[in-house]
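Each chain, letter by letter, is given below.
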Amino acid sequence: MTTSSSPNSQATPVAVRPGPRRSLQWFWLIVWTLLLGGSANLCLWAVVWLTRIPPVPNCEKVLPESIWRDRLYCAENLVESASSVDWAKAVALTTTWPQPNTSYEESQALLKTASEQLLVEASSEAQAGRLDTAVDLASQIPLDTPMRQTAQELIFSWRQEWKAGTDLEQQIQSAIDQRSWETAREQLQAMQTLQLDYWLRDRHGYWQQQIQREQAAWDQLQQARELVATDTLEGLQEAIPLARQIPLDSQAWQQAKGDIDGWSQQLADIALDQWRRGHLAVATVMAQSLPPGLSYSSQTQELIQFSYAQKLAQQAEATAPDYQPRYGDLFKLMEAIRAAEQIPADSQFFSEAQSYIQDWQAQLQDLIRLRSAHTIARIGYAPAFRLAAAQAQQISPDRPRRLQGQTLVAHWRNEIQRLQDRPILREADRLAQLGSIPDLQAAIAKAGEVDLGRALRVEAQTRIADWRNEIQVIEDRPILDEANTLAREDRLQEAIQVARRIPEGRVLYARAQGLIADWTAQIQIAEDQPILNEAKDLAYIGSLTRAINLASQIAPGRALYGQAQSAIAIWKAERAYIESIRAAEARTSSGENSADSAGAAEDSSESP
């Protein structure tokens, strides 16, 4: 059966294709989006590029041909440096700066600062005496720069001063060579007119020392020659060591050396002559003063060798005050023996040398024994001291070091006594520290156990005397305290009587007598002061005689006696002055009266 379609029935949907207009809209949207994103990136890159910090230039690679900004930056840093090399680089970077540049003035300021610093450094080098360095530094300031003329002027002045200083030094040296000391000092004074410290301080000081040194050397040589000119053996012996003290690098030494050689040969001949005459001691003393290193004869060399050995042996015999055996004495004796043994058998000094060698060998044996005993004694205990003394006593009376050995034995025995008695004194000190009279008396009794003749006897007696004084102080201190109390209460007479209870010879006796003198003076002042005051009042109103008579009542020895006598002297002078005035007035008045009488008589005679 067939059905018909109704108008209310729905139609089947049909697909519609996008048209060309819709596609074009999407295209432009993408294009505009891309354009806006690119513009934003471009603006962002431009902002970053405009605001970014430029990289710091490497100043070691910046050259005068580099861009102005890098040169300016590096010049600023180099000027702040403390190196003349950096200042020279700063000058080079700022020298050829174009004027139209905006940083021209800044570059010129840097150029001036760097140039000034270079000149300051160059001046310091010139002041220190380094002329070449100073000239090199100042020459680094280029032409056509503000400081170029100043640099050239400084270089010129330095060179001129160097020439003047060098000429003065040559003149000073020439004057020294001629021994014209006044001329040398005049040229040295002229050096003070220079400007640089190098000449004013360094070279002036050097030449001043040279003049003084050379003049002293020549004076010393002249003094030695004058000693030799006396033609005495003493003068010759004094002249040689005096001339040898002349400095070796002085000009005077060249002449002194020849004189010393001649004088030494002369002294050697005299020494040999004394030897031949049998004066061995005199000859050896002379030979000891001969300087070494000269071309002496074989006999003289042997005499010097023998005298050298004797000198060493004598030094070994000169023991110290404590008689302690020392290693140095051992070495000197061994060296003396070795020097004497080198004298050949055919020498005329051989027999004497052999006799001395035997004595020195005996001394060496004794000294070795004593040194061994001394080493044992250094242990510091009584058995060690006894062993050392026993070993030293083995030196028999006929040995050369017997006296030294016995002295050491006595010393070690005293050390044993000190070790034995030291505990007694320690116990006595402990008792004395308690401070009471019974304790001090016990300490005195304890210290008295150190017998007479013992090593610590003197020390013990000294402490006993001190402790006895302490006992006296403890016993007499209350007396002084009582007297002082009475004196503070103005009971001076009673205080004096109490203080006098301390007898003479006691520790506090001097203190008591001093207080008694003070209190006595106070009493006398209290008694005599009213008298002196009344006398002064009388003198004030003009009664000088009464004042003098009243002040004279203060007897000699009283506390105010000196003041009274001084016042009396003043008042007597015043009284004498007043009396002289009155006498003059009286003479004047009598003369006037006589004149008046004569005039009246004349008038009466002339009247009718």
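Each chain carries its own residue numbering, running from 1 in the written order of its sequence. This being a predicted model, a pLDDT of at least 70 is required before a residue's local features are given, and a value of 80 or more before pairs of side-chain atoms are given or counted; all residues contribute to the totals for chains, interfaces and linings. Side-chain metrics rest on all non-hydrogen atoms present in the structure, leaving aside hydrogens and water.

A. Region of interest: the packing of helix α13 (residues 327-341) against helix α14 (residues 350-377). Lines fitted to C-alpha atoms define the axes, with helix axes restricted to the stretch in contact, and inter-axis angles between N-to-C directions lie between 0 and 180 degrees. What counts as a helix is a DSSP run of H or I of at least four residues, what counts as a strand is a run of E of at least two, and both are numbered from the N terminus. At a closest axis distance of 9 Å, the pairing of α13 and α14 adopts a crossing angle of 160 degrees. The orientation of α13 with respect to α14, classified from their angle, is roughly antiparallel. Where α13 crosses over α14, the two elements pack in a sense that is left-handed. For the pair formed by α13 and α14, the contact residues are Tyr327, Asp329, Leu330, Leu333, Met334, Ala336, Ile337, Ala340 and Glu341 on the first element and Ala353, Ile357, Trp360, Gln361, Gln363, Leu364, Leu367, Ile368 and Arg371 on the second. We call Asp, Glu, Lys and Arg charged. Ala, Val, Leu, Ile, Met, Phe, Trp, Tyr, Cys and Pro are nonpolar, and the rest, Gly among them, are polar. For the contact of α13 with α14, the per-class residue count stands at 13 nonpolar, two polar and three charged. Under this scheme an angle from 65 to 115 degrees is roughly perpendicular, one under 35 degrees roughly parallel, and one over 145 degrees roughly antiparallel; angles in between are oblique. Two helices cross in a left-handed way if the nearer one is turned anticlockwise from the farther one by less than a right angle. They cross in a right-handed way if the turn is clockwise. Whether two residues are in contact is decided by their heavy atoms: any pair within 4.5 Å suffices.

B. Layout of the pattern of salt bridges. Basic side-chain nitrogens of Lys or Arg form a salt bridge, by our definition, when they fall within 4 Å of a carboxyl oxygen of Asp or Glu. In the structure shown here, the tally under the stated rule is 24 salt bridges. Salt-bridge contacts for Asp249 lead to Arg213; the nearest nitrogen and oxygen are separated by 1.9 Å. Of this pair, Asp249 sits in the loop between α9 (233-244) and α10 (251-276) while Arg213 sits in helix α8 (residues 197-229), placing them 36 residues apart in sequence. Exposure classes here rest on a 1.4 Å probe applied to the protein chains alone. A residue is buried below 20% of its type maximum, exposed above 50%, and partly exposed in between. The exposed category is assigned to Asp249, whose relative accessible area is 58%. Here Asp528 makes a salt bridge to Arg558, at a shortest N to O gap of 2.8 Å.

C. How the structure looks around helix α19 (residues 492-499). Among all positions of α19, only Leu492, Ala495, Ile496, Val498 and Ala499 are buried. What you see down the axis of α19 is that its buried residues fit within an arc of 165 degrees, all on one side. Next to the buried residues of α19 lie α18 (457-488) and α20 (509-540). Note: the arc covers the axis-to-C-beta directions of the helix.

D. Structural detail: the side chain of Gln187. Turning to its location among the elements, Gln187 is positioned in helix α7 (residues 181-190). Sequence-distant contacts of Gln187, defined by excluding residues within four places in its chain, comprise Leu168, Gln171 and Ile172.

E. Summary view of the environment of Gly542. Along the chain, the position of Gly542 falls in the loop between α20 and α21 (544-551). Owing to a relative accessible area of 52%, Gly542 belongs among the exposed residues under this scheme. Along the backbone, Gly542 and Trp571 are 29 residues apart, and their C-alpha atoms lie at a distance of 9.6 Å.

F. The arrangement of α13 in detail. For a helix, the expected span equals 1.5 Å multiplied by the number of residues minus one. The end-to-end C-alpha distance of α13 is 21 Å, a good match for the 21 Å that 15 residues give at a rise of 1.5 Å each. Three or more residues of α13 are buried, namely Asp329, Leu330, Leu333, Ala336, Ile337, Ala339 and Ala340. At its buried positions, α13 is contacted by α12 (298-317) and α14.

G. Expanded view of the nonpolar core. Think of a nonpolar core as a cluster: buried Ala, Val, Leu, Ile, Met, Phe, Trp, Tyr and Cys residues, connected wherever their side-chain atoms sit within 4.5 Å. One finds Trp158, Trp263, Leu303 and Trp360 to be the most contacted residues of the largest nonpolar core, which totals 77 residues. In terms of residue count, α10 provides more of this core than any other element does, ten residues in total. Residues contacting Trp263, with those up to four places away along its chain left out, are Ala224, Arg225, Val228, Leu236, Ala239, Ile240 and Ala243. Ranked by size, the runner-up nonpolar core spans 17 residues in total, among them Ala487, Leu492, Val498 and Leu508.

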